[in-house]
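Topology and contacts: notes
Read off the chains here:
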Amino acid sequence: MKIVKETVGGENAAVTAQDLELIGALARKPLGAEEVYTFSVRLCDNEIDRDFERFSRQTLEQLAPMFVGKSGIFDHQWSARGQAARIYKTEVIQEPGRVTRAGDGYCWLKGYAYMVRTDSSRDLIAEIEGGIKKEVSVGCAIEHAICSVCGCDRTVSDCGHEKGQEYGGQMCWADLEGAKDAYEFSFVAVPAQPAAGVVKSARWGSAARLEEEAALGRKYLEDLRGEVVRLALLADRELDGRAMKSLAGKLSHQELEELRRSYARRAEERLPLQTQLCYETKHVAFDEENRAFLG
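To keep things clear, this report deals only with the structure shown in the data block.

What counts, and where the lines are drawn
Residues numbered from 1 in each chain as written. Predicted model: local features only at pLDDT ≥ 70, side-chain atom pairs only at ≥ 80, totals over all residues. Heavy atoms only, no water. Helix = DSSP H or I, 4+ residues; strand = E, 2+ residues; numbered from the N terminus. Buried < 20%, exposed > 50% of the residue type's maximum accessible area, 1.4 Å probe, protein only. Contact = heavy atoms within 4.5 Å. Phe/Tyr/Trp six-rings, centres within 6.5 Å; stacked < 30°, edge-to-face > 60°. Lys NZ or Arg CZ within 6 Å of the ring centre and 35° of its normal. Pairing = 2+ DSSP bridges.

Our next topic: the environment of Ala179. The residue Ala179 is located in strand β11 (residues 174-187) in this model. A residue is classified by how much of its surface remains accessible, and Ala179, at 14% relative accessible area, is buried. Measuring from C-alpha to C-alpha, the distance between Ala179 and His144 comes to 8.5 Å, with 35 residues separating the pair along the chain. Every residue in contact with Ala179, bar those within four places of it in the chain, is listed here: Thr59, Gln62, Leu63, Met66, Ala141 and Ile142.

Here we come to the packing of aromatic side chains. All told, the structure shown has three aromatic pairs when counted by the stated rule. Seen in terms of ring centroids, Tyr88 and Tyr112 are 6.4 Å apart; in terms of plane orientation they differ by 50 degrees. Their pairing is tilted. You can see Tyr88 sitting in strand β6 (residues 85-99) and its partner Tyr112 sitting in strand β7 (residues 105-116), a full 24 residues away along the chain. Side by side, Tyr88 and Tyr112 carry an identical accessibility label, which is buried. Feature note: the residues Tyr88, Tyr112 and Tyr114 constitute an aromatic cluster, connected by ring pairs. For the cation-ring pair, Arg42 lies above Trp108, with the distance from its terminal atom to the ring centre recorded as 3.8 Å.

Right, let's get into the pairing of strand β3 (residues 36-45). Along any regular strand the residues' side chains alternate between the sheet's two faces. Most of β3 sits inside the fold, with 10 of its 10 residues counted as buried. Relative to β7, β3 runs antiparallel, the two sharing nine bridges. Paired with Val41 across the bridge in β7 is Gly111.

Set out below in structure tokens:
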């Protein structure tokens, strides 16, 4: 099963002698510190994401060596022209005191990538430094997607539990287990793992602020889903509210916005807005007795 997951992260990393040795193992010739630009990226973590899926820590540890030597591209377009960087080192980071929604300790896979400094790479390096290019997505192959409610392998059969729904007070998600291969990481526009945050540095802001922004994002999506359901029921009284709510919970931000606009138009056509005040337009005979009140 091919998995594509987005996250946020990227910061400049100082080049050490050990880094140059690892980079040299991937390059065709030794490269000096002045010839390369290095940065780190948050590849993926073990938090439940917007797809209600999560990598287990064991899967992250399996993926770590698989990503070494893999290319950084754009929007998952596999072409030699789109190759921009290459990962030369990875490590799994454990954040003490932080717990995932699944109840275990939070950890994430950090990748260190390098680019060769050339005229053509100058703009991309400037965009990374300026915070324009910071969202990344990973492509990898996973063997199993285990249902958190019943333990069924969803890659083999459908257990009927819907990801994101609650059963007996327990939310359903899929644990992604058994890493088979890592393909690449890609610079993308929209991340799918907003709770992962960015690689810590003063330039990106504090963890508290990132958590606040993530909470605002989740609240916005929750309100948007509610608005889509409301407009859908106004536009079509025959729709099942529970089914519509379940559907809205699975849609992306872009899909929800498109549905909101569509249902808003249909609801307005079905229930056109009317003004509360009606103005008399027909001719009324002038009342001579009221002439005295005219200024």
